[in-house]
Amino acid sequence: MDKIIIKNLEVFANHGVFPEENVLGQKFVLSAVLFTDTRTAGMTDALEYSIHYGEVSQYITKFMQEHTFKLIEAAAEQLAQELLLAFPRLQAIQLEVKKPWAPVGLPLETVSVEITRGWHTAYIALGSNMGDKQAYLDGAVEALRKTRGCQVEAVADYIVTEPYGGVKQDDFLNGALKLRTLLTPQELLLRLNEIEAEAGRERVVHWGPRTLDLDILLYDDAVIDTETLTVPHKELHLRDFVLVPLAQIAPHVRHPLLGRTIEELKMEVVR
């Protein structure tokens, strides 16, 4: 992506672990690299196709002055999130918060925290085979829409499928959605688990009936394998009830391990 760079913006604000820092205040110096696509702005010479760095600078100044944090880590994290939410053309940001007068009792020039944050694309599978199935799936979509740092960009048509795993139970209603998110994979997993719990999900029988089932299928091109999360979903390429709705909204997305598109994987399991 292209970059717009704001370097060494000085702000007098009240952040620090010590009480006097919060009362007396001190100087902070901030730099930001704004990742965006400047092609259209460059070809048209129109500001509406770019990010107004003056407005970003004003936003940074106001945020730093209106909030108080003990840690510059917290100031950087919260500011980065607010900027990504406030400026639609901002895809990612590299943000540095410098503290020139850090009270450490030693001769140093400055202490700083630098982070990089941005939007990610995740694909989520939805399923239900208890009660009002459509209401549970619609409720999950709406819950994600209302989740801070999440934007639902596409929802596939729901399909009726036979149960998977050999447990006798009602047919499922399945779907998939595309999510733009600031959440990390683990944070997203926790949010999905919360939504399942709010829908009365009980994990009693493996592959058994459930009010709501939400799974992370893909998260950018990430490959994750931990005790709690595997991405891509380990059975993504085997399940027609996942591939059919997913192919509707992401036919050309490639499986990061198998190298084949979702449409190609669907054609292999749907005869």
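Residues numbered from 1 in each chain as written. Predicted model: local features only at pLDDT ≥ 70, side-chain atom pairs only at ≥ 80, totals over all residues. Heavy atoms only, no water.

### Considerations on the packing of aromatic side chains
Then, in step 1: One pass over the full model with this rule turns up two aromatic pairs.
Then, in step 2: Aromatic side chains Tyr59 and Phe87 sit 5.7 Å apart centroid to centroid with 70° between the ring planes, which places their arrangement in the edge-to-face category. Placement of Tyr59 in helix H3 (residues 53–66) and of Phe87 in the loop between helix H4 (72–86) and strand S3 (92–99) is noted, with a sequence separation of 28 residues between them.
Then, in step 3: Judged by centre distance (6.1 Å) and plane angle (25°), the rings of Phe63 and Phe69 are stacked. Taken individually, Phe63 and Phe69 each receive the classification buried, so the pair is uniform in this respect. (Phe/Tyr/Trp six-rings, centres within 6.5 Å; stacked < 30°, edge-to-face > 60°. Helix = DSSP H or I, 4+ residues; strand = E, 2+ residues; numbered from the N terminus. Buried < 20%, exposed > 50% of the residue type's maximum accessible area, 1.4 Å probe, protein only.)

### Brief notes about the sheet that holds strand S1 (residues 2–13)
Then, in step 1: With antiparallel pairing, four strands are arranged side by side in an open sheet as S1-S2-S3-S4. Looking at the sheet topology across the chains shown, the edges are occupied by S1 and strand S4 (111–118). Put simply, the sheet's adjacent strands are angled 15° from each other on average, direction ignored.
Then, in step 2: Direction of pairing for strand S2 (residues 26–36) relative to S3: antiparallel, over a ladder of seven bridges. When the bridges of S3 are listed, Val33 appears paired with Gln94.
Then, in step 3: Sheet strands touched by H4: S2, S3 and S4. Its angle to S4, the strand with the most contacts, is close to 30°. (Pairing = 2+ DSSP bridges. Axes fitted to C-alpha atoms, helices over the stretch in contact; angles between N-to-C directions. Contact = heavy atoms within 4.5 Å.)

### Brief notes about the environment of Arg145
Then, in step 1: Here Arg145 lies in helix H5 (residues 133–145).
Then, in step 2: You can call Arg145 partly exposed: its relative accessible area is 45%.
Then, in step 3: Considered as a pair, Arg145 and Leu179 are 34 residues apart in the sequence and their alpha carbons are 9.0 Å apart.
Then, in step 4: Among residues more than four places away in sequence, those in contact with Arg145 are Cys150, Val152 and Val155.

### Focus on the packing of helix H7 (residues 240–249) against helix H8 (residues 262–269)
Packed helices, taken two at a time, are described by the angle between their axes plus the distance between the axes.
Then, in step 1: The interhelical angle for the contact between H7 and H8, taken along N-to-C directions, is 140°, at an axis separation of 9 Å. On the basis of their axis angle, the class for H7 and H8 is oblique. Relative to H8, the crossing made by H7 is left-handed. Along its contact with H7, which presents Asp240, Leu243, Val244, Leu246 and Ala247, the element H8 presents Ile262, Glu263, Leu265, Lys266 and Val269.
Then, in step 2: Of the residues in the contact of H7 with H8, the class split is seven nonpolar, no polar and three charged. (Parallel < 35°, antiparallel > 145°, perpendicular 65-115°, else oblique. Left-handed = near helix turned anticlockwise from the far one by under 90°. Nonpolar A, V, L, I, M, F, W, Y, C, P; charged D, E, K, R; others polar.)

### A word on the pairing of strand S9 (residues 213–219)
Then, in step 1: Counted residue by residue, S9 has six buried out of seven residues, so it is predominantly covered.
Then, in step 2: Where strand S5 (residues 120–128) lies against S9, six bridges are found, and the strand directions are antiparallel. If you follow Ala125 over to S9, its bridge partner there is Asp215.

Scope: geometric values only; no functional claims are made or implied.
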